[in-house]
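# Residue-level structure breakdown
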Amino acid sequence: QQQQQQQQHPTLLSSPTILRNGYIIDVDDNFFTTAFFTAGLFYSLGKAYNRYLLEEVAFEQRKLEARERRLAEDPTLDELDLRREESEGWTSVYGKRRRQSREDG
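On a predicted model such as this, the values are computed, not experimentally measured, just so you know.

### A few points about the overall build of the protein
Of the regular secondary structure elements, the protein holds 5 helices and 0 strands. The helix and strand sequence of the protein, counted from the amino end, reads α-α-α-α-α. A buried classification covers 6% of the 105 residues belonging to the protein. Element-wise, carbon and sulfur atoms account for 54% of the exposed surface of the protein, whose accessible area totals about 10000 Å².

### Quick word on the pattern of salt bridges
Overall, the coordinates contain 5 salt bridges when judged by the stated rule. As a salt-bridge pair, Arg67 and Glu86 come within 2.8 Å of each other at their nearest N and O atoms. Taken together, the positions of Arg67 in helix H3 (residues 31–73) and Glu86 in helix H4 (residues 79–88) put the pair 19 residues apart, joining distant regions of the chain. Here Glu86 falls in the partly exposed class, since its relative accessible area comes to 23%. With a shortest N-O distance of 3.0 Å, Arg70 and Glu85 are connected by a salt bridge. A residue pair is termed long-range when its members are at least 10 positions apart, and Arg70 in helix H3 and Glu85 in helix H4 qualify at 15 residues.

### So, a nonpolar patch on the surface
A surface patch of nonpolar side chains, amounting to about 730 Å² of accessible area, comprises Tyr23, Ile25, Val27, Phe31, Phe32 and Phe36. Residue Phe36 is classed as exposed on the basis of its relative accessible area of 59%.

### Some words on the packing of aromatic side chains
Enumeration according to the criterion identifies 3 aromatic pairs in this entry. Between Phe32 and Phe36, the aromatic rings sit 6.0 Å apart at their centres with planes inclined by 25°, giving stacked as the arrangement. Here Phe36 and Phe32 lie together in helix H3, a separation of 4 residues that amounts to about one turn. Taken together, the ring pairs in this structure connect Phe31, Phe32 and Phe36 into an aromatic cluster.

### Examining the confidence of the model for the protein
Scored by pLDDT, the protein comes out at a mean of 78, with 68% of its residues at no less than 70. Element-level pLDDT for the protein is lowest in helix H1 (residues 2–8), with a mean of 51, against a maximum mean of 94 in H3.

Analysis parameters
- Residues numbered from 1 in each chain as written.
- Predicted model: local features only at pLDDT ≥ 70, side-chain atom pairs only at ≥ 80, totals over all residues.
- Heavy atoms only, no water.
- Helix = DSSP H or I, 4+ residues; strand = E, 2+ residues; numbered from the N terminus.
- Buried < 20%, exposed > 50% of the residue type's maximum accessible area, 1.4 Å probe, protein only.
- Areas by Shrake-Rupley, 256 points an atom, 1.4 Å probe, with all protein chains shown as cover.
- Salt bridge = Lys/Arg side-chain N within 4 Å of Asp/Glu carboxyl O.
- Patch = residues over 30% accessible without salt bridge, like charges linked within 9 Å, V, L, I, M, F, W, Y side chains within 5 Å.
- Phe/Tyr/Trp six-rings, centres within 6.5 Å; stacked < 30°, edge-to-face > 60°.
- pLDDT = per-residue confidence, 0-100.

Below you can see the structure in the form of structure tokens.
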């Protein structure tokens, strides 16, 4: 029976490593180098982006808490005036320079 099995699968007894229910895929020499380098690069970039997003969320949360605290401290101040005050310090299109040019022109 062993000889019959050897004739059907000659590598069963001659090979020290037997691959059962699997596939051997031929890859080039630098496959694992490039694959793991790419995986590490994506991991590093994803981690950095996730850290940036978490910092952004934390900053927005602190800004919202400071806004709510300021509104609670000053009952005469409404949210629109507070946002107007905040936007005056911004250097965006909604900031002080844009509003002055719109009021002048």
